[in-house]
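# Structural overview for review
So you can see what is in the structure, the chains are spelled out below.
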Amino acid sequence: MSELKVTPMRPRGKDEPPLTATIDQRAETIDVIDPAELRQEHEQRKEEQQERIEDSERETLIKLLRQMILIRRFEEKSAESYSLGKIGGFCHLYIGQEAVAVGAMAALRPDDYLVTSYRDHGHAIAKGMSPDEVMAELYGKAGGCSSGKGGSMHLFDANVNFLGGHGIVGGQIPLATGIAFATKYKDTDQVTLCFFGEAAVNQGAFHESLNMAQLWKLPCIYICENNQYGMGTSLARAMSLQDVSQKACAYNIASEFVDGMDVLAVRAAVGRAVERARETYSPSLLEVRTYRFMGHSMSDPGNYRTRAEIEKHQERDPVKLFTQNLKEKNLIDDNQLADIEKSVRDEVERAVQFADKSPEPALEELYTHVYANPIKMNSK
Ligand SMILES: Cc1ncc(C[n+]2csc(CCOP(=O)(O)OP(=O)(O)O)c2C)c(N)n1
Ligand SMILES: [Mg+2]
């Protein structure tokens, strides 16, 4: 047995310590798994992705790869700009989790709705927001999607039905439930995707929402991006039943456990949930197992996990995994990959220049978008 703590890409099984064990005993034992077993599992997942590749159009596959690379490079640039002091406030990067947003969005129609947490840059770009407006928002500039007043955590674009970017853990879950209620009430067949981290699952709002969604048959897809940490606290130290997908049983909701490092596995699972939602107005809960390669936010010293743990997960980097599989299937070569890299880097560079040149919000902007009918501060 290795001492290295790595969570398998599958629901926890029978080896899980009993619930009567102390939290520390559970945290100590739960993630220690046999490296040979892990390798075997990774091989199997690789084969599964290759089979899905065979069933997909090349053009679509390349588009998915480009989107993932775009988000990765966008986030790397955000980290750089943050270090240069061009981005202020909180900034939570999505590096490592790209396959989740990109795979999920590939199963949606453009008029479907999406809400997410503060870790929102990847979802915004995957939903079709312009990297220019997203970067300008991170810079707090007037050209940003929220006029520079929301920042990294509060991206928003009603034009593409991206309804935020929310800073309160779990706060977006009842909002998504309400959006799904509204679409059903208006008799449309739109679905709502709601993304949140596994720490949000401990909030009452999650349970109340799932209960109502099934009771009222709402077309809402709850996607838990289980990256295994809530800030510096591991899942094992914070959650009594760690198989998040099982929590759907309490509300009689359809659920799936999904490999979040495989963009095509995510697309397939979300596709099934979308079909259920459109055809029967039924909600779903997906637990998508993933891992964030960076700190919780840009100010996280990261001393709650080891470098070795991160590197172990990086072996299944979703971008590298997909690139390798596409290469092995002869769907992309090094030259084509270099072209994608170049066009992505140019796009991100343009976003940075746009953000740099965009003006600061005017002082009067302090009083706009606060209430529906703002009181004019200078009126007598
Ligand atoms: C209601 C509430 N409690 C606490 C916080 C502080 N907080 C911000 S992020 C976070 C961890 C959330 O982790 P998770 O839901 O797993 O999402 P991740 O950051 O891993 O994407 C906490 C506790 C908050 N923003 N809102
Ligand atoms: Mg988390």
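Just above, that's the structure.
Summarised in this report is the structure supplied together with it.

What counts as what
- Residues numbered from 1 in each chain as written.
- Chains lettered and ligands numbered in written order.
- Predicted model: local features only at pLDDT ≥ 70, side-chain atom pairs only at ≥ 80, totals over all residues.
- Helix = DSSP H or I, 4+ residues; strand = E, 2+ residues; numbered from the N terminus.
- Buried ≥ 20, exposed ≤ 12 C-beta atoms within 10 Å, placed from the backbone.
- Contact = placed C-beta atoms within 7 Å.
- Near = placed C-beta within 6 Å.
- Nonpolar A, V, L, I, M, F, W, Y, C, P; charged D, E, K, R; others polar.
- Expected span 1.5 Å × (residues − 1).
- Arc of directions from axis to C-beta.
- Core = buried A, V, L, I, M, F, W, Y, C linked by C-beta atoms within 7 Å.
- Pairing = 2+ DSSP bridges.
- Right-handed = clockwise from strand over helix to strand, strands pointing away.
- Axes fitted to C-alpha atoms, helices over the stretch in contact; angles between N-to-C directions.
- Parallel < 35°, antiparallel > 145°, perpendicular 65-115°, else oblique.
- Left-handed = near helix turned anticlockwise from the far one by under 90°.

## A few points about the overall build of the chain
A tally of helices and strands in the chain yields 13 helices and seven strands. Counting across all 380 residues of the chain, residues that qualify as buried make up 45%. Restricting to contacts in the chain with at least 6 residues of sequence separation, those with at least 24 account for 77%.

## Topic: the site of ligand 1
In the vicinity of ligand 1 lie 14 residues, with Val169, Gly197, Ala199, Ala200 and Gly230 positioned nearest. Grouping the constituent residues of the shell around ligand 1 by class yields six nonpolar, six polar and two charged.

## Section: helix 7 (residues 172–185)
The terminal C-alpha atoms of helix 7, which comprises 14 residues, lie 20 Å apart, in line with the 20 Å expected from a rise of 1.5 Å per residue. Taken residue by residue, helix 7 has Gln172, Ile173, Ala176, Thr177, Ile179, Ala180 and Thr183 as its buried positions. All buried residues of helix 7 project into a common sector of 160° when viewed along the axis, lining one side.

## Points about helix 12 (residues 318–328)
All of the buried residues along helix 12 are Pro318, Val319, Leu321, Phe322, Asn325 and Leu326. Buried residues along helix 12 cover an arc of 165° about the axis, so they all sit on one side. Exposed residues pointing more than 90 degrees away from the buried face of helix 12 are listed as Lys320 and Glu328. Each element contacted by the buried residues of helix 12 is listed here: helix 2 (35–54), helix 3 (58–83), helix 4 (98–105) and helix 10 (263–280). Of the residues trailing helix 12, Asn330 is marked for its positive phi of about 60°.

## Thoughts on the nonpolar core
Membership of the largest hydrophobic core comes to 89 residues, with the highest contact counts inside it found for Met68, Leu193, Cys194, Ile221, Ile223, Val266 and Leu286. The biggest single contributor to this core is helix 10, with 10 residues. Excluding residues within four positions of it along the chain, Ile221 makes contact with Val191, Leu193, Cys194, Val270, Ala273, Val274, Ala277, Pro283, Ser284 and Leu286.

## A short note on the pairing of strand 7 (residues 284–289)
Strand 7 sits mainly inside the fold: six of its six residues count as buried. The side-chain alternation of strand 7 yields two buried faces, one formed by Ser284, Leu286 and Val288 and the other by Leu285, Glu287 and Arg289. Sheet topology note: the strand 3 (residues 220–226)/strand 7 ladder contains six bridges and is parallel. Looking at strand 7, one finds that Cys224 is bridged to Glu287. Note on the crossover from strand 6 (residues 254–259) through helix 10 to strand 7: the handedness is right-handed.

## Looking at the sheet that holds strand 2 (residues 192–197)
The five strands are arranged 1-2-3-7-6 in an open sheet whose pairing can be described as parallel. The sheet is open, and its two edges are formed by strand 1 (113–115) and strand 6, each paired on a single side. Averaged over all pairs of adjacent strands, the angle between strand axes in this sheet comes to 20°, irrespective of strand direction. Both strand 2 and strand 3 contribute to a ladder of six bridges, which runs parallel. Looking at strand 3, one finds that Cys194 is bridged to Tyr222.

## Notes on the pairing of strand 6
Bridge count for strand 6 against strand 7 is six bridges, and the pairing is parallel. From the neighbouring strand, Val258 faces strand 7, where its bridge partner is Val288.

## What to know about the packing of helix 7 against helix 8 (residues 204–215)
Following both chains from N to C, one finds helix 7 and helix 8 inclined at 20°, their axes separated by 8 Å at the closest point. Relative to helix 8, the element helix 7 is oriented roughly parallel. The handedness of the crossing between helix 7 and helix 8 is left-handed. Of the residues in helix 8, those touching helix 7 at Ile173, Pro174, Thr177 and Ala180 are Ala205, Phe206, Glu208, Ser209, Met212 and Ala213.

## Let's talk about unusual backbone geometry
A positive phi angle, near 50°, is found at Lys217, a position not held by glycine. Relative to the elements of secondary structure, Lys217 occurs in the loop between helix 8 and strand 3. For Lys217, a count of 14 C-beta atoms within 10 Å translates into the label partly exposed.

## Side note on the environment of Ile310
Mapped onto the fold, Ile310 is located in helix 11 (residues 307–314). Classification of Ile310 as partly exposed rests on a count of 15 C-beta atoms within 10 Å. Spatially, the C-alpha atoms of Ile310 and Met294 are 8.8 Å apart, while their sequence positions differ by 16 residues. In contact with Ile310, other than residues within four places in its own chain, are Phe293 and Arg305.

## Some words on the packing of helix 2 against helix 12
Where helix 2 contacts helix 12, the two axes come as close as 10 Å, and the packing angle between them is 60°. By the angle between their directions, the pair helix 2 and helix 12 is classed as oblique. The element helix 2 and its partner helix 12 pack so that their crossing is right-handed. Residue-level inspection shows Lys46, Gln49, Gln50 and Ile53 of helix 2 in contact with helix 12, the latter providing Leu321, Asn325 and Leu326. Grouping the amino acids of the contact of helix 2 with helix 12 by side-chain chemistry returns three nonpolar, three polar and one charged.

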